[in-house]
Amino acid sequence: MNLYSIALFLHVVGALGFFVVLGLEWFSLLALQRTTTVEQVDDWFKFTGRMRGLGGISMLLILIAGGYMTFAAWGGADWIEVAFGAIILQGALAGILTSPRMKAIQKATDNESGPISPTLDSLLHHPMLWVSMSTRLGIGLGIVFLMCVKPMLVGSLITIAVGLIVGLALSPVMIRSRRSQPAMA
C-alpha cells in the first residue's frame, strides 16, 4: 500500500458519495413534487440541507485525491483535463438551473402555509430541475467512463458530449412522467 492507493480509494469514495447525493436529490425532487402542503415542503428542505454537506465533502475528496493522483502519476493527461472541466460544468448547471429554483421554492414556503398554492406547485414542477438533474447524472457517468477508459482528447470530449446528450434526452421523459403522477394525499 502506498499514498497513491490511498488517494485512489478516497477518490472513489468521493465519487460514490457524489452519486449518492445525486440519488438523494432525485428522490427529493420526486418527493417534493408529491407534497400537498407547505409544511411537507419545509420538511424536505430540512432533509436536503444535510445532503449539501455530504455533497461538499464528496467533491473535496474527488478534487483533493484526484489532484494528488494527477501530479503523482498522470501529469496533464487529456482525459483528466476534460473530466475536471466536466466537474466545473456540473457545478455550473447546479448553480444556474437548480439553486435559483430551490431558493425560489424556499422563499415561497416562507410566505405560505397549508395547501400548496398554484405558484408554489409550478415552482416545484419546474422542468429545469429535471433538466439539471438528468444532465448532471449523464455528465457524471461520462466522467466515470473517462476514469476507467482514459481516452485521448477527442474521445474524452465525445464521452462528455454523449453524457450531456443522454442526460438531456432523459429529462423530457422525467418531466412528463412526473407531471402524469397524481400528488400523494
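Attention here is on the structure that accompanies the text. Since we're looking at a predicted model, the values are computed, not measured. (Residues numbered from 1 in each chain as written. Predicted model: local features only at pLDDT ≥ 70, side-chain atom pairs only at ≥ 80, totals over all residues. Heavy atoms only, no water.)

### Thoughts on the overall build of the protein
Item 1. Counting its secondary structure elements, the protein contains six helices and zero strands.
Item 2. What you see in the protein, going N to C, is helices and strands ordered as α-α-α-α-α-α.
Item 3. Within the span of the protein, comprising 185 residues, buried residues form 41% of the whole.
Item 4. Pairs at least 24 residues apart make up 83% of the contacts formed inside the protein by residues separated by at least 6 positions.
Item 5. Of the charged side chains in the protein, 12 are positive and 9 negative, and the gap between their average positions amounts to 4 Å. (Helix = DSSP H or I, 4+ residues; strand = E, 2+ residues; numbered from the N terminus. Buried < 20%, exposed > 50% of the residue type's maximum accessible area, 1.4 Å probe, protein only. Contact = heavy atoms within 4.5 Å. Lys, Arg positive; Asp, Glu negative; His and termini not counted. Charge placed at Lys NZ, Arg CZ, Asp CG, Glu CD.)

### A short note on the packing of helix α3 (residues 78-110) against helix α5 (residues 127-149)
Item 1. Where α3 meets α5, the closest approach of the two axes is 9 Å, and the angle between their N-to-C directions is 165°. With respect to each other, α3 and α5 are oriented roughly antiparallel. Pair α3 / α5 crosses with left-handed handedness.
Item 2. Per-class residue counts for the contact of α3 with α5 are 18 nonpolar, five polar and two charged. (Axes fitted to C-alpha atoms, helices over the stretch in contact; angles between N-to-C directions. Parallel < 35°, antiparallel > 145°, perpendicular 65-115°, else oblique. Left-handed = near helix turned anticlockwise from the far one by under 90°. Nonpolar A, V, L, I, M, F, W, Y, C, P; charged D, E, K, R; others polar.)

### Brief notes about the environment of Leu-32
Item 1. Among the secondary structure elements, Leu-32 is positioned in helix α1 (residues 3-32).
Item 2. Separated by 89 residues in the primary sequence, Leu-32 and Asp-121 have C-alpha atoms spaced 9.5 Å apart.
Item 3. With residues near it in sequence (within four places) discarded, Leu-32 still touches Val-41, Trp-44, Met-102 and Leu-124.

### Here we look at helix α2 (residues 38-74)
Item 1. Look at α2: 50 Å from first C-alpha to last across 37 residues, which is about the 54 Å you get at 1.5 Å a residue.
Item 2. Of the residues one or two after α2, Gly-75 is the one with positive phi, at around 60°. (Expected span 1.5 Å × (residues − 1).)

### Brief notes about the packing of α2 against α3
Item 1. It is at 12 Å that the axes of α2 and α3 come closest, and there the two elements cross at 165°. Overall, the two elements α2 and α3 adopt an arrangement that is roughly antiparallel. Judged by the sense of rotation from one axis to the other, the crossing of α2 with α3 is left-handed. Where α2 abuts α3, its residues Val-38, Val-41, Asp-42, Phe-45, Met-59, Ile-62, Leu-63, Thr-70 and Trp-74 lie against Trp-79, Ile-80, Phe-84, Ile-87, Met-102, Ile-105, Gln-106 and Thr-109.
Item 2. Split into classes, the residues belonging to the contact of α2 with α3 amount to 13 nonpolar, three polar and one charged.

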